[in-house]
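Each chain, letter by letter, is given below.
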Amino acid sequence: MKLYITAPSPFARKCRIVAREKGLSIEEVFVDPYANAPELLAANPVVQVPTLIAPDGLPVNDSPVICEYLDGLGSDPRLLPAEGPERLRVRRIEVLADGLLEMGVKLVLEKRRPESERSPSWMTRWTENMHRCLDALEAAGLSADDFHIGVLNTGVALTWIDFRHPDFDWATGRPGLVALQAALEARPSFMETRPA
């Protein structure tokens, strides 16, 4: 299998961590999506990372889909429960962390625009949304001892915020998330995939 990635992408990092946690060997190929890397463009018309090329040659796009696919291939335990209320609980946490990341990515892209073209109202809204996601994740009482895709994704999101938004104070008043990040970043799969 081949996984197209960029080093800073939190969505790619999530997939890279799942592969390591599940004991899967995947070729990681660094590409530049903004340059329309031909191999990525051929596999994903949206030209986004991560994109996985499955053993049958078919592309698998979007990090939640890739992670679920890898979770089914690798060794136990499962990172995403197969069904029932527990699956919904884990998915809800995963989606909250993805929402946090999506708001952060929007802020990064907006800040890359010329200052005269930026929208202060949207930047304020995205920042408020980030705080709401963080509050909900803190309230969820997450623990690295209950390791699943939602917990994994939350850890990825927190470290990415530190990386891309170093002036954004997410830690104050959220001791549970601070402890979670510290515990997760000590795992080999996290240490091997830190954003650069």
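Details of the structure are given in the entry above.
Note that the structure is predicted; figures quoted are calculated from it, not measured. (Residues numbered from 1 in each chain as written. Predicted model: local features only at pLDDT ≥ 70, side-chain atom pairs only at ≥ 80, totals over all residues. Heavy atoms only, no water.)

### A few points about the overall build of the chain
Next up, step 1: A count of helical and extended segments in the chain gives 8 helices and 4 strands.
Next up, step 2: Counted from the first residue to the last, the chain has its helices and strands arranged as β-α-β-α-β-β-α-α-α-α-α-α.
Next up, step 3: Computed over C-alpha atoms, the radius of gyration of the chain comes to 17 Å, within 12% of the 16 Å expected from 2.2 N^0.38 for 196 residues, which places it in the range of a compact globule.
Next up, step 4: Expressed as lengths along the three principal axes of its C-alpha atoms, the size of the chain is roughly 45 × 40 × 30 Å.
Next up, step 5: Across the 196 residues of the chain, 48% fall into the buried class.
Next up, step 6: Looking at the chain alone, contacts between residues at least 24 apart form 68% of all its contacts between residues at least 6 apart.
Next up, step 7: Computed over 22 positive and 28 negative side-chain charges, the separation of the two mean positions in the chain equals 2 Å. (Helix = DSSP H or I, 4+ residues; strand = E, 2+ residues; numbered from the N terminus. Rg over C-alpha atoms; globule rule 2.2 N^0.38 Å. Buried < 20%, exposed > 50% of the residue type's maximum accessible area, 1.4 Å probe, protein only. Contact = heavy atoms within 4.5 Å. Lys, Arg positive; Asp, Glu negative; His and termini not counted. Charge placed at Lys NZ, Arg CZ, Asp CG, Glu CD.)

### Looking at the pairing of strand β2 (residues 27-30)
Next up, step 1: One ladder, built from 4 bridges, connects strand β1 (residues 2-5) with β2; its direction is parallel. Bridged to Leu3 within β2 is Glu28.
Next up, step 2: For the segment spanning β1, helix α1 (residues 10-21) and β2, crossover handedness is right-handed. (Pairing = 2+ DSSP bridges. Right-handed = clockwise from strand over helix to strand, strands pointing away.)

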